[in-house]
Amino acid sequence: MLTTCSSKILYNFVPTYTAEAVENLERAGAVVIGKTNMDEFAMGSTSESSCYGIVRNPWDTEHVPGGSSGGSAAAVSAGEAICALGSDTGGSIRQPASFCGVTGFKPTYGAVSRYGLIAYASSLDQIGPIARSAADCAAVLELIRGRDPRDATSLELPTGGLLCALTGDVRGRRIGLPAECFGGALEPEVAAAVRAAAGVLRARGAVVEKCSLPLLDYAVPAYYILACAEASSNLARFDGVKYGWRAEGCGSLEELYRRTRTEGFGPEVKKRILLGTFVLSADCYDSYYKKALQARARLKAAFDAVFQRYDLLLTPVAPTTAPRLGEGLADPLSLYLSDIYTVPANLAGLPALSMPCGFDRSGLPIGAQLIGPALGDLAVLDAAHAYQQETDWHRRHPDTPATAKGGDAL
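Residues numbered from 1 in each chain as written. Predicted model: local features only at pLDDT ≥ 70, side-chain atom pairs only at ≥ 80, totals over all residues. Heavy atoms only, no water.

Draft legend 1. Representation of the overall build of the protein chain in the model. Counting secondary structure elements, the protein chain contains 14 helices and 8 strands. For 410 residues, the compact-globule estimate of 2.2 N^0.38 gives 22 Å, and the protein chain sits close to it at 20 Å. Oriented by its inertia axes, the alpha-carbon framework of the protein chain measures out at about 70 × 50 × 45 Å. Within the protein chain, the fraction of its 410 residues that count as buried is 56%. The long-range share in the protein chain, meaning contacts at least 24 apart out of those at least 6 apart in sequence, stands at 74%. In the protein chain, 38 positive and 43 negative side-chain charges are present, and the distance between their average locations comes to 3 Å. (Helix = DSSP H or I, 4+ residues; strand = E, 2+ residues; numbered from the N terminus. Rg over C-alpha atoms; globule rule 2.2 N^0.38 Å. Buried < 20%, exposed > 50% of the residue type's maximum accessible area, 1.4 Å probe, protein only. Contact = heavy atoms within 4.5 Å. Lys, Arg positive; Asp, Glu negative; His and termini not counted. Charge placed at Lys NZ, Arg CZ, Asp CG, Glu CD.)

Here it is, written out as structure tokens:
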């Protein structure tokens, strides 16, 4: 099956093996019906950078579905599939799930084998499910998680047991609302919906209170430095020699490399490769890359400290609902900053879930995020399951199914 990462540079590429996560699903009897569109090489938050055309939000086709796994979220939201896989490097499962009104789960780093995943940033990437509900996500996750000898970062975890372990009982669970996540550019409608979700969990017996998550402002700059540095290394293999797109009429190997990568990569990918190469250069390594590693370690320590007191954290997924098509491309800095609530979980390797919790005045979905400690995947899923037993936001469907037009593609 063609696997291109929505990039011209992998034109007509058919892999020689199947990803471990997909093999596990197929062994359990799942039917894989196709690939979904996405931001090129998972670099984006709107699913507008694909060489195949843009993805549209099923709730309003003039708005983006989020990204980078926007096609997966849109397909589940539109009823084209009961579940889908996505890859989450800095929120690429949770943010599109939020924008499309479905549930998306990023497991603990290492819980799901990355064998067969085309890497963006290897220390951040994690495969996870997108589905209607937390229970459906648990059903998929219990099939795909576990140790894989072909992935040295995969963890030894028990197989099965997640779905039947969901009780929806959150009595006595301590849930923190980080004050840093409820200010700044957060839209009032989003803040109100997330606080209402906190009220539902409180009514189920959870202890919900304000807390502090320091160093949050450092998460986005640290993330983009580290992710782009790893992307610069990972994407060096796409050179026109081994597979994919190859520029024609080149007089030397250097010209082949240069022209192939110039023609094959889109502008967003080129931007991130250049940034990653810059921060890894000898002159900038200590000033940028090393500092970002230190910020990552400090942020992880901050999470460890807050989870000494709380079982889970509840935050928004994004500061706004889905923007209109083209808005994010016109203001890329604001688009990068919109990842403020999702990238910390990737930097710390923590499980995190996006669940629908309401709609804004334009009828666009709003998502709330639950974050747990490392290996606290079940606790996150169970809290979301408790919330979804009391609400029906996750059961809502777009009034009309998403339709492809003008070359757009799910």
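Draft legend 2. The side chain of His 394, seen in detail. Structurally, His 394 can be placed in the segment after α14 (377–390). Among the residues examined, His 394 registers a relative accessible area of 7% and is labelled buried. The residues touching His 394, leaving out its near neighbours within four places in the chain, are Thr 103, Arg 132, Ser 133, Pro 356 and Gln 388.

Draft legend 3. Broad picture of the packing of aromatic side chains. Summed over all chains, the structure comprises 13 aromatic pairs. The rings of Phe 13, Phe 41, Phe 238, Tyr 243 and Phe 265 are connected pair by pair, giving a single aromatic cluster. Its guanidinium or amino end placed over the ring of Trp 245, Lys 8 lies 4.3 Å from that ring's centre, counting from NZ or CZ. (Phe/Tyr/Trp six-rings, centres within 6.5 Å; stacked < 30°, edge-to-face > 60°. Lys NZ or Arg CZ within 6 Å of the ring centre and 35° of its normal.)

Draft legend 4. Quick look at the packing of helix α7 (residues 219–234) against helix α9 (residues 267–280). At a closest axis distance of 7 Å, the pairing of α7 and α9 adopts a crossing angle of 100°. Taken together, α7 and α9 sit at an angle that is classed as roughly perpendicular. Touching Tyr 224, Ile 225, Cys 228, Ala 229 and Ser 232 of α7 are Arg 272, Ile 273, Leu 275, Gly 276, Thr 277, Val 279 and Leu 280, all from α9. (Axes fitted to C-alpha atoms, helices over the stretch in contact; angles between N-to-C directions. Parallel < 35°, antiparallel > 145°, perpendicular 65-115°, else oblique.)

Draft legend 5. Looking closely at the packing of α9 against helix α10 (residues 285–306). Interaxial distance between α9 and α10 falls to 7 Å at its minimum, and their mutual angle equals 105°. When the interaxial angle is binned, α9 and α10 end up roughly perpendicular. Along its contact with α9, which presents Phe 278, Val 279 and Leu 280, the element α10 presents Tyr 285, Tyr 288 and Tyr 289. Its residues assigned to classes, the contact of α9 with α10 comprises 6 nonpolar, no polar and no charged. (Nonpolar A, V, L, I, M, F, W, Y, C, P; charged D, E, K, R; others polar.)

Draft legend 6. Structural view of the side chain of Asp 382. Mapped onto the secondary structure, Asp 382 falls in helix α14. Although buried, Asp 382 forms no salt bridge, and the nearest oppositely charged side chain, Arg 173, lies 4.6 Å from it. Excluding residues within four positions of it along the chain, Asp 382 makes contact with Leu 166, Thr 167, Gly 168, Asp 169 and Val 170. (Salt bridge = Lys/Arg side-chain N within 4 Å of Asp/Glu carboxyl O.)

Draft legend 7. Spotlight on the pattern of salt bridges. A full pass over the atoms with the stated rule returns 20 salt bridges. Its salt-bridge partner being Glu 23, residue Arg 150 comes within 3.5 Å of it at the nearest N-O pair. Residue Arg 150 is found in the loop between α4 (134–144) and α5 (162–165), and its partner Glu 23 is found in helix α1 (residues 20–27); the two are separated by 127 residues along the sequence. Residue Glu 23 is classed as partly exposed on the basis of its relative accessible area, which comes to 23%. The salt bridge involving Arg 204 is made with Glu 390; its shortest N-O contact spans 2.7 Å. Of this pair, Arg 204 sits in the loop between α6 (188–203) and β5 (207–211) while Glu 390 sits in helix α14, and the two are 186 residues apart along the sequence. Salt bridges sharing partners connect three or more residues here, namely Glu 20, Glu 23, Arg 27, Asp 148 and Arg 150.

Draft legend 8. Representation of unusual backbone geometry within the structure. Backbone torsion omega between Gly 67 and Ser 68 reads 10°, so that peptide bond is classified as cis. Its location among the elements puts Ser 68 in the loop between α1 and α2 (70–77). One non-glycine residue, Phe 41, lies in the positive phi region at around 50°. With respect to the helices and strands, the residue Phe 41 is situated in the loop between α1 and α2. Overall, Phe 41 belongs to the buried group, its relative accessible area being 3%. Of note, Ala 42 is a non-glycine position whose phi angle comes to about 65°, a positive value. Within the secondary structure, Ala 42 is located in the loop between α1 and α2. Note on Ala 42: relative accessible area 8%, which makes it buried.

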